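Given next are the chains, with one letter for each unit.
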Amino acid sequence: MIPISFNYKKASSVDEALSLMTDDAKILGGGHSLIPALKLRLNSVDTLIDISKIENIKGINDNAQSVTVGGGATHASIASNSALAKAAPMMAEAAHTIGDRQVRNMGTIGGSIAHADPAADWPAVLLASDANVVIKNKTGQREVDIDQFFTGFYETALADGEIITAIRIPKTAYNANSVYEKFKQPASRFAIVGIAAAAEMDGNVVKALRIGVTGLAEVAFRPMEVEKELIGKELTEANIDAALGTIANGVSVMGDHYASEKYRTHLAKVYTKRALLRLK
Amino acid sequence: MKNKISVNVNGKQYEGEVEGRELLVNFLREHLSLTGTHIGCDTSSCGACTIHLNGHAVKSCTVLAVQADGAEVTTVEGLATNGELHPIQEGFKEEHGLQCGFCTPGMMMTAVDLLKSNANPTEHEIRDALEGNFCRCTGYHNIVKSIQYAAKKMNGATA
Ligand SMILES: Cc1cc2nc3c(=O)[nH]c(=O)nc-3n(C[C@H](O)[C@H](O)[C@H](O)COP(=O)(O)OP(=O)(O)OC[C@H]3O[C@@H](n4cnc5c(N)ncnc54)[C@H](O)[C@@H]3O)c2cc1C
Ligand code: FES
Ligand code: FES
């Protein structure tokens, strides 16, 4: 399968990529969502601007307040990063569950959240981590709080022609105590349900809690009522079960030939419980 | 629009002209006649097209040929040196790691990538690394043994 013809331009810096940007152009990151779609001709494009050779958006930098992950960092580089393993262990855990070894060597975190597949792993993890998305455009730079980033089915706060250059993961007590649990679609390894959970504990009691849910609804989200219900409580099976009833409140649950709405909702509860029981 | 590319494949520099939409696997098979790299699913799933791009295993059906400009590519044809089999090739031969052989080049390229980062993988780690490589014949058992054979041999050689 060969895509419809397009022009290809390689950018050596973010500024160059932005200057090459036109209305009919698209960014090429790791290509592992875009190229399959172009091959199947589900998508077509006039010009691809390749940002995968821009070195300074691939790194992962350990700062005092946060770990900054480049928008072009591959899933594999995140899976093996020691700063993230400490600051937000759910990042490494989730990275390792994405696709397979070869996919992780090409696909990037910036590409994944720009694409915003409702079954992708990063949206859940970044929601749980309270990340900030650093975005560049022709007029400058802006930062978007992750809670405002995912706006709908394959939709985000990114405007046309903008580039995600980094994602900032704050160094917080809850991120240092975080896990990812995933029920995989057996062929593609995308999440049927993926749950990221991060908790700050005060002894046995929850002081702060953030949960990110992917796969369940048309867009990844935080089940705020579940989070609120568990503050000040111990993470016992009984407390968790009592809180999980509201997990799908206010979202439109997806159902397809892999998993019905009812089954997906059930899985979300089971996997959230698994995740929460692992938090210490 | 054609793009000029210069790619080092198995230690040899190649210059070529490709359309933007041309896939790396087609460039290798059709321009360079390196047909050891197979096309199985053509949808990023089966791993038959696995090669190394700058030392990392990737699925060449999901990489554009232009993206390999300036890069180093290794295909299954680049594993043997001076007519001597690479330990992974020897492993597949000794342990009966193939039946029809269609998946084998991809299996070997993924295995070599694994052994570079983990010289002594457990059986679980080997199976985990092969998640993106499908075999329709062997049931994987002998593939795992072949990779264990190569790991042992490569460790012995450097010890
Ligand atoms: C076989 C297979 C299995 C997979 N399994 C999983 C899985 O289990 N979980 C999962 O989460 N994902 C999975 N994926 C998807 C994979 O993670 C992709 O790498 C990811 O979704 C897209 O990232 P990319 O860098 O490849 O982006 P591309 O495909 O290059 O781009 C995707 C979209 O994002 C835009 N874009 C890319 N980079 C940027 C940027 N820096 N700034 C702004 N826009 C940008 C592009 O214009 C395009 O619209 C799988 C993919 C394959 C092929
Ligand atoms: S042909 Fe590339 S993954 Fe199957
Ligand atoms: S040996 Fe036939 S597909 Fe693996």
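It should be emphasised that the depicted structure is a prediction, and the values quoted were computed from it without experimental measurement.

(A) Main features of the confidence of the model for chain B. Confidence in the prediction for chain B averages 96 pLDDT; 98% of positions are at 70 or higher. Interface confidence for the predicted complex, given as ipTM, is 0.96, next to a pTM of 0.97.

(B) Highlighting the sheet that holds strand β12 (residues 191-202) of chain A. Residues and elements named next belong to chain A. Here 3 strands make up an open sheet; going across it, the order is β11-β12-β13 and the pairing antiparallel. Each having just a single partner strand, β11 (178-184) and β13 (205-214) make up the two edges of the open sheet. In this sheet, neighbouring strand axes are inclined to one another by 15° on average, regardless of whether the strands run parallel or antiparallel. As defined by bridge partners, β11 adjoins β12 across 7 bridges and the pair is classed as antiparallel. Note that in β12 the partner of S178 across the bridge is A198. Here helix α5 (residues 89-97) sits on the sheet and contacts β11 and β12; the angle it forms with β11, its principal contact strand, is near 20°.

(C) Structural view of a nonpolar patch on the surface. Residues and elements named next belong to chain A. Together, M1, L40 and L42 make up a nonpolar patch on the protein surface, roughly 310 Å² of accessible area in all. Relative to the assigned elements, L42 resides in the loop between α2 (34-39) and β3 (47-50). For L42, a relative accessible area of 68% puts it in the exposed group.

(D) Quick look at the domain arrangement of chain B. Residue and element names in this part refer to chain B. What the domain assignment lists for chain B is domain 1 (2-78) and domain 2 (87-154). Each of domain 1 and domain 2 has a C-alpha centre, and the two are 21 Å apart. Each partner contributes residues to the interface: domain 1 has 18 residues there, and domain 2 has 14 residues. When the two sides are added together, the surface that domain 1 and domain 2 hide from each other amounts to roughly 1200 Å², 60% of it contributed by carbon and sulfur. On the domain 1 side of the contact with domain 2, H38, H52 and V76 bury the most area, a combined 38% of that side's loss. Run the count over domain 1 and domain 2 and you get 0 salt bridges. Inspection of the region where domain 1 meets domain 2 yields 7 residue pairs in polar contact (both at pLDDT 80 or more). Sorting the residues of the side of domain 1 that touches domain 2 by element identifies β3 (50-53) and β4 (56-59) as the ones contributing at least two each. Here the residues of the side of domain 1 that touches domain 2 are counted per class, giving 6 nonpolar, 11 polar and 1 charged.

What counts, and at which threshold
- Every chain is numbered independently, its residues counted from 1 as its sequence is written.
- To label them, take the chains in the order written and letter them from A, then take the ligands in the order written and number them from 1.
- Only residues with pLDDT of at least 70 get local features here, since the model is predicted, and only at 80 or more are side-chain atom pairs given and counted; chain-wide, interface and lining totals rely on the full set of residues.
- Side-chain calculation: all heavy atoms of the structure are included, whereas hydrogens and water are not.
- pLDDT runs from 0 to 100 and stands for how confident the predictor is about each residue.
- At least two DSSP bridges between two strands are required for those strands to pair.
- Numbering of helices and strands runs from the N terminus, with a helix taken as a DSSP run of H or I at least four residues long and a strand as a DSSP run of E at least two residues long.
- The axes used here are C-alpha line fits, helices contributing only the stretch in contact, and every angle between their N-to-C directions lies in the interval 0 to 180 degrees.
- Contacts: residue pairs with any heavy atoms within 4.5 Å of one another.
- Within this analysis, patches are made of residues with over 30% relative accessible area and no salt bridge. Like charges are joined at 9 Å or less; nonpolar side chains (Val, Leu, Ile, Met, Phe, Trp, Tyr) at 5 Å or less.
- Accessible surface area values rest on a Shrake-Rupley calculation with a 1.4 Å probe, where residue burial reflects the displayed protein chains alone.
- The rule for a salt bridge is simple: a side-chain nitrogen of Lys or Arg has to be within 4 Å of a carboxyl oxygen of Asp or Glu.
- Exposure is judged per residue with a 1.4 Å probe applied to protein chains only, and the accessible area is read against the type maximum: over 50% gives exposed, under 20% gives buried, and values in between give partly exposed.
- A domain assignment, automatic or from a database, supplies the domain bounds used here.
- By buried area we mean how much accessible surface two parts lose on assembly, using a 1.4 Å probe and totalling the loss over both.
- Under this definition, polar contacts are N or O atom pairs within 3.5 Å; protein pairs additionally need one hydrogen-donor-capable and one acceptor-capable atom, and for neighbouring residues in sequence, both atoms have to be side-chain atoms.
- Polar here means any residue outside two lists: the nonpolar Ala, Val, Leu, Ile, Met, Phe, Trp, Tyr, Cys and Pro, and the charged Asp, Glu, Lys and Arg; Gly therefore counts as polar.

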